[in-house]
Amino acid sequence: MSAEWMVLAASALWLLSLLLAVLGVGRRLVRVALALGCALVVLASAGRLPEGIACAPLGVGWAGSRLVLAPDALWLLAFGAVAAFFATALGSPGASWRSWSSGASLCLLGALGCFGLQDALGFLVAWELMSLGGAVLLIGERLGPSHEGRGLLFMLGLLEVGAVALMAALLWLSQHTGSVHFGGFAAQVWSPGGWPALAIGVLLLVGFGAKLGVLPFYEWYPGAYGQGSGASGALLSGVVLNAAFFGLARGLTVWLPGQYALGVITVTVGVLSAILAVLYAFQEDDWRRLLAFSSAENAAIAITVLGASMIFRQEGLLALASLGYLVALLHLAGHALAKGCLMLAADGSYAACGRYDIRQQALLRHSRWYFGVGVVFAGMSLAAMPPQAGFVSEWFTFQTLFQGFHLASLGGRLTLSLAGAGMALTAAVAFATFVKLVGLGVLGRRVREEGAAGSVRGAHAVACGLLGLGVLVLAVGMPWWLHGLDRVTAQLFPGQSSTALRQGPLLVPLTSSFAFISPTKLVVALPLLALLPIGLLVWSARRHRRLHVPVWYGGLARPAQGATTTLTFANAMRTFYAFVYRPRTTIDHAYNGRSYFVHRVEHRTTVAPLFEAKIFRMPVRVVQWLARTVSPLQSGHMNVYLGLVGLLLVLIMAVALF
């Protein structure tokens, strides 16, 4: 079967699963159809990655609409589909299967359209289909607190703000070029620094950024993700997020090339979004909410290097521009695999312990070894630890930003220098965040001994193990994976090649005289270096008797009852960055009889969203005031309704007469 037919067959399978889910029949068949469609997309992408895929005209809804998957679209789609395969195969642990399967089908179909449709009308339909799928995906899940339903409404409201901005940008482009086809958008020549191109670019940044989680839109992430399962998060953080980034990258790189001011704005927004998102991720004590903020942070890193690519391109540095664009693609590929692994690990924790809390519950001790290996590999990648894929892409990110000294403009050099400092802060906090997640959520010991400790199910353990291994395979094989992006590099940046990022097994930022690493060699060298501390431990154990003594733990007589919690792990950072977190502390006392016999003290501490009070609360109050004002129109009295109809008729006749 050709790659084109594989893609069409995947679309047909997702449509079939949607139909069966709506009818409520064939639960197992629906899950198989969803997963098989994802597998076909992965196979088609792997077979045609250097060239791309162009399907025949669809002939539905609008004339001449085609599905064309460029190599960069195939790259992002393939890695997102790998995580989606495991997510759809396992399903949600606590949702109506009809609602969840319908939402997954809509998400996948919409994402495929966003990657491949080549006209503004079809793209907008696919974009809204993908957003609707995300809402349907989450609406059937009740895995968070009862008030988390507001998070879903908050998500829909902000996504519609983005949809309006995106529609305005595409309509402006269509009016300016006289065509709704993306080929016409790409053929348009914009003057550097012109205000129409800048305005359209800002609209695109707002429109796609609403789904990517740039500030202030990242604030919908924890509420929406916290209502759903890890399987839903794997879809939203993988194929859906990749589709949104591809749309933004196409808009800023192909439709509006060479806009210096827009590049500076993109870098600034990306850096600030990454810093704020990772700071809030560090304070979360729920698997899904922490990983949601992490998704926004990683999307912001990709946006930052995309903006750097735009700045380099405006000054004619096409080699450095291609470096920035490729780094963004590499980063999101590794992120899709690692985030899919940890999202499914969150579902494994929920199945084992009945909650998504990050706490010491001995998951690794009571689960299969490959579950722990996969989670550790994925956590290492998102913490940018060698030799994982996240380390490779973030190393490339710093090397791209460090190349700012090649720029002639002072503003560009200063922008990239400050961006490098912001990325350093982001990397440091991200490292602490995933030490906390993996250390407390998986590796920690079980403190309370009441009841039996749960274990992660075999299917979730296998999925996490394979996805974690995939992160390592991506990093080790990066010198060869880069060949799959050679054609898109040549198309977007004439005369450039993705193979300039490698020299044999070495990865280089265009030249080895500047810097180089080799994850291929590191995967061999690091285990060999680990033999040194292991040998020292063995030697020390033979020469010295091991002592077992109680640990000092605040003077407690039974230190085994104490444990490091997420709050104690993150409280120092919360205090230091109090101007960002604006922490709130509440203490309630329960009394036994009189007020001086304290029976229980309950201490609650939370962080306040940075933008909610200043940006989002005022529109909410305006809408509520309008609702109260017009509520008498829904009084239920027939005379009022007849009066309104009569007034409407009078207005119609007045318009006809005058």
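For the structure, see preceding data.
Residues numbered from 1 in each chain as written. Predicted model: local features only at pLDDT ≥ 70, side-chain atom pairs only at ≥ 80, totals over all residues. Heavy atoms only, no water.

Student: Whenever I open this one, the pattern of salt bridges confuses me. Can you help?
Tutor: As a working rule, side chains carrying opposite charge can pair if their charged atoms are close by. Across all of its chains, the model carries four salt bridges by this definition. Between Glu 4 and Arg 48 there is a salt bridge, with its nearest N and O atoms 2.9 Å apart. Of this pair, Glu 4 sits in helix 1 (residues 3–23) while Arg 48 sits in helix 2 (residues 27–48), placing them 44 residues apart in sequence. Taking relative accessible area as the criterion, Arg 48 reaches 25% and is therefore assigned partly exposed. For Arg 288, the salt bridge is made with Asp 286, and the minimal N-O distance between the two is 2.9 Å. Overall, the relative accessible area of 3% leaves Arg 288 in the buried class. (Salt bridge = Lys/Arg side-chain N within 4 Å of Asp/Glu carboxyl O. Helix = DSSP H or I, 4+ residues; strand = E, 2+ residues; numbered from the N terminus. Buried < 20%, exposed > 50% of the residue type's maximum accessible area, 1.4 Å probe, protein only.)

Student: Is there a simple way to explain a positive patch on the surface in this structure?
Tutor: On the surface, Arg 582, Arg 584, Lys 614, Arg 617 and Arg 621 cluster together to form a positively charged patch. In terms of residue count, helix 23 (residues 612–630) provides more of the positive patch than any other element does, three residues in total. Within the fold, Lys 614 resides in helix 23. According to the relative accessible area criterion, Lys 614 is exposed, its value standing at 71%. (Patch = residues over 30% accessible without salt bridge, like charges linked within 9 Å, V, L, I, M, F, W, Y side chains within 5 Å. Areas by Shrake-Rupley, 256 points an atom, 1.4 Å probe, with all protein chains shown as cover. Lys, Arg positive; Asp, Glu negative; His and termini not counted. Charge placed at Lys NZ, Arg CZ, Asp CG, Glu CD.)

Student: I would appreciate a short explanation of the environment of Ala 541 in the present structure.
Tutor: Among the structural elements, Ala 541 can be located in helix 20 (residues 519–543). Note: C-alpha distance between Ala 541 and Val 607 (66 residues apart in sequence) is 46 Å.

Student: What exactly am I supposed to notice about the side chain of Ser 349 here?
Tutor: Topologically, Ser 349 is positioned in helix 13 (residues 318–353). On the basis of relative accessible area, Ser 349 is assigned to the buried category, the value being 0%. Setting aside chain neighbours within four positions, we find Ser 349 in contact with Trp 287, Gly 354, Arg 355, Gln 361 and Leu 363. (Contact = heavy atoms within 4.5 Å.)

Student: I'm lost on the environment of Val 327 in this one. Help?
Tutor: Following the sequence through the fold, Val 327 ends up in helix 13. Spatially, the C-alpha atom of Val 327 lies 9.9 Å from that of Gln 399, the residues being 72 residues apart in sequence. Look past the residues within four positions of Val 327 in its chain and what remains in contact with it is Val 305, Ser 393, Phe 396, Thr 397 and Thr 400.

Student: Would you mind showing me how to read helix 8 (residues 195–212) here?
Tutor: Helix length check: helix 8, at 18 residues, gives a terminal C-alpha distance of 25 Å against a target of 26 Å (1.5 Å per residue), a fit within 8%. Of all the positions in helix 8, only Ala 197, Ile 200, Gly 201, Leu 204, Leu 205, Gly 207, Phe 208, Gly 209, Ala 210, Lys 211 and Leu 212 are classed as buried. Gly 213, located one to two residues past helix 8, shows a positive phi value of around 85 degrees. (Expected span 1.5 Å × (residues − 1).)

Student: What's the story with the side chain of Glu 394 in this structure? I'm lost.
Tutor: By secondary structure assignment, the location of Glu 394 is in helix 15 (residues 389–402). Despite its burial, Glu 394 pairs with no opposite charge; the closest candidate is Lys 339, at 10 Å N-O.

Student: What am I meant to see in the packing of helix 13 against helix 17 (residues 458–476) here?
Tutor: Two quantities define a packed helix pair, namely the angle between the axes and the distance from one axis to the other. It is at 9 Å that the axes of helix 13 and helix 17 come closest, and there the two elements cross at 160 degrees. As far as their axial angle goes, helix 17 and helix 13 are roughly antiparallel. Regarding helix 13 and helix 17, the two cross each other, and that crossing is left-handed. For the pair formed by helix 13 and helix 17, the contact residues are Ala 333, Gly 334, Leu 337, Ala 338, Gly 340, Cys 341, Leu 344, Ala 345, Asp 347 and Gly 348 on the first element and His 460, Ala 463, Cys 464, Leu 467, Gly 468, Gly 470, Val 471 and Leu 474 on the second. (Axes fitted to C-alpha atoms, helices over the stretch in contact; angles between N-to-C directions. Parallel < 35°, antiparallel > 145°, perpendicular 65-115°, else oblique. Left-handed = near helix turned anticlockwise from the far one by under 90°.)

Student: Any chance you could explain a nonpolar patch on the surface here in plain terms?
Tutor: Together, Val 630, Leu 633, Met 638, Val 640, Tyr 641, Leu 642 and Leu 644 give the surface a local cluster of nonpolar side chains, amounting to about 610 Å² of exposed area. Top element by residues in the nonpolar patch is helix 24 (residues 638–657). It accounts for five residues. Mapped onto the elements of the fold, Leu 633 is located in the loop between helix 23 and helix 24. Classification of Leu 633 by relative accessible area gives partly exposed; the value is 43%.

Student: Please clarify how the nonpolar core should be interpreted in this entry.
Tutor: Proteins that are soluble and globular tend to have nonpolar side chains buried together. With 196 residues, the main nonpolar core has Trp 75 and Phe 245 as its most contacted residues. By residue number, the principal contributor to this core is helix 13, which donates 22 residues. Not counting residues up to four positions away in its chain, the partners in contact with Trp 75 are Leu 49, Leu 329, Leu 330, Ala 333, Leu 474, Trp 481 and Leu 485. (Core = buried A, V, L, I, M, F, W, Y, C linked by side-chain atoms within 4.5 Å.)

Student: Mind showing me how you'd approach the packing of helix 16 (residues 410–443) against helix 21 (residues 566–576) here?
Tutor: It is at 10 Å that the axes of helix 16 and helix 21 come closest, and there the two elements cross at 170 degrees. Considering the angle they form, helix 16 stands roughly antiparallel to helix 21. Where helix 16 approaches helix 21, its residues Val 429, Ala 432, Val 435, Lys 436 and Leu 440 are matched on the opposing element by Thr 566, Phe 569, Ala 570 and Met 573. In terms of residue class, the contact of helix 16 with helix 21 is built from seven nonpolar, one polar and one charged. (Nonpolar A, V, L, I, M, F, W, Y, C, P; charged D, E, K, R; others polar.)

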